[in-house]
Amino acid sequence: MLEAAQRVAAAERLWAAERDRRPIAPLTESFPGIDVVDAYEIQLVNIRRRLADGARVYGHKVGLSSLVMQRMMGVDEPDYGHLLDTMVLSEDAPIQAAAYCYPRIEVEIGYVLGAGLPGEGCTEEDVLAATEYIAASIELIDSRIADWKIGLADTIADNASSAGVLLGAARVSPKDLAPSGIEAVLYAMDGSPAGTEIARGNTNAVLGNPTTAVAWLARKVASFGVKLEAGHVILPGSCTRAVDARPGDTFRAEFAGLGSVTARFE
């Protein structure tokens, strides 16, 4: 475990890396004693700094929600990060790839809460009752750690590698989610009429059911004194692999029964 001053120093390194778009060495190398508790506290140092500068909490995201990613990181549960209103992107405006270090996109559904969720003891039924609607989503992820060479503490401290969120226009009740999940396909819009398929997945790749991930998140953040509130957008985790994004790229994610969402980069 780190001293308080070390946590602040680590947070400052991440802050400068994002501001200057100059990735840093892994915190797990620079601060060998760092653990998961340290990492969440480091994340909160920079979130509080952004809130003090006028940002507001837009929601939260779940990371490492697939069994494959958990095995890769050597963990048995997901992690989480904050979504701020300064991270909200639009289909109507191109994303500036140069504003990020190593931008990638992930395909997910977004839960928009109409009511707050309980913390300890939150169930999938609680999530379905509190969710106003779900929407197609693309999450923009980025790493302020050089070359994405991240350990678990690195990604948690770095706000779970989150950088932006983009929601599609369609709105569907979560009660209409099929037990078999929602099929999603990611296309690169490369000039061909329908685009070229580059990834495919099912939302049930997220802990077997993305609603399970949202309930886990509500319970987890409660231990840090945080609540998932009405109006928050919750991203439960990606159902496809992450895809690098470069200037000139356009991606469209299509969800069966939920419409599509498009991200353009310049």
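Residues numbered from 1 in each chain as written. Predicted model: local features only at pLDDT ≥ 70, side-chain atom pairs only at ≥ 80, totals over all residues. Heavy atoms only, no water.

## Some points on the environment of Ala245
Within the secondary structure, Ala245 sits in the loop between β9 (243–244) and β10 (250–255). Take Ala245: its relative accessible area is 6%, and that puts it in the buried class. Between the C-alpha atom of Ala245 and that of Ser162, which follows or precedes it by 83 residues, the distance is 14 Å. Look past the residues within four positions of Ala245 in its chain and what remains in contact with it is Pro103, Arg104, Ile105, Phe251 and Phe265. (Helix = DSSP H or I, 4+ residues; strand = E, 2+ residues; numbered from the N terminus. Buried < 20%, exposed > 50% of the residue type's maximum accessible area, 1.4 Å probe, protein only. Contact = heavy atoms within 4.5 Å.)

## Observations regarding the packing of aromatic side chains
Throughout the structure, instances matching the rule amount to 4 aromatic pairs. When the ring of Tyr40 is compared with that of Phe224, the centres are 5.0 Å apart and the planes differ by 55°; the resulting orientation is tilted. Taken together, the residues span a long stretch of sequence, with Tyr40 in helix α3 (residues 36–52) and Phe224 in the loop between α7 (210–222) and β8 (233–235) at a distance of 184 residues. Tyr40 gets classed as buried once you look at its relative accessible area, which sits at 3%. The exposure class of Phe224 is partly exposed, given its relative accessible area of 25%. (Phe/Tyr/Trp six-rings, centres within 6.5 Å; stacked < 30°, edge-to-face > 60°.)

## Here's the deal with the pattern of salt bridges
Evaluation of the coordinates by the stated rule reveals 12 salt bridges. Of the charged contacts in the structure, one is a salt bridge between Arg19 and Asp20, with a shortest N-O distance of 2.9 Å. On the basis of relative accessible area, Arg19 is assigned to the partly exposed category, the value being 49%. Looking at Asp20, the relative accessible area reads 38%, which means it is partly exposed. Close ionic contact of Arg144 with Asp142 constitutes a salt bridge, the shortest N to O distance being 3.7 Å. Taken as a pair, Arg144 and Asp142 share a single burial class, namely buried. If you follow the salt bridges from partner to partner, you end up with Arg104, Asp244 and Arg246 in one network. (Salt bridge = Lys/Arg side-chain N within 4 Å of Asp/Glu carboxyl O.)

## Some points on the nonpolar core
Ranked by size, the top nonpolar core spans 62 residues in total, and within it Leu27, Ile105, Leu117, Phe255 and Phe265 carry the most contacts. No other element matches the 6 residues that α7 contributes to this core. The contacts of Phe265, once residues within four sequence positions are left out, are Ile95, Ala97, Ile105, Leu140, Ala245, Arg246, Pro247, Gly248, Asp249 and Phe251. (Core = buried A, V, L, I, M, F, W, Y, C linked by side-chain atoms within 4.5 Å.)

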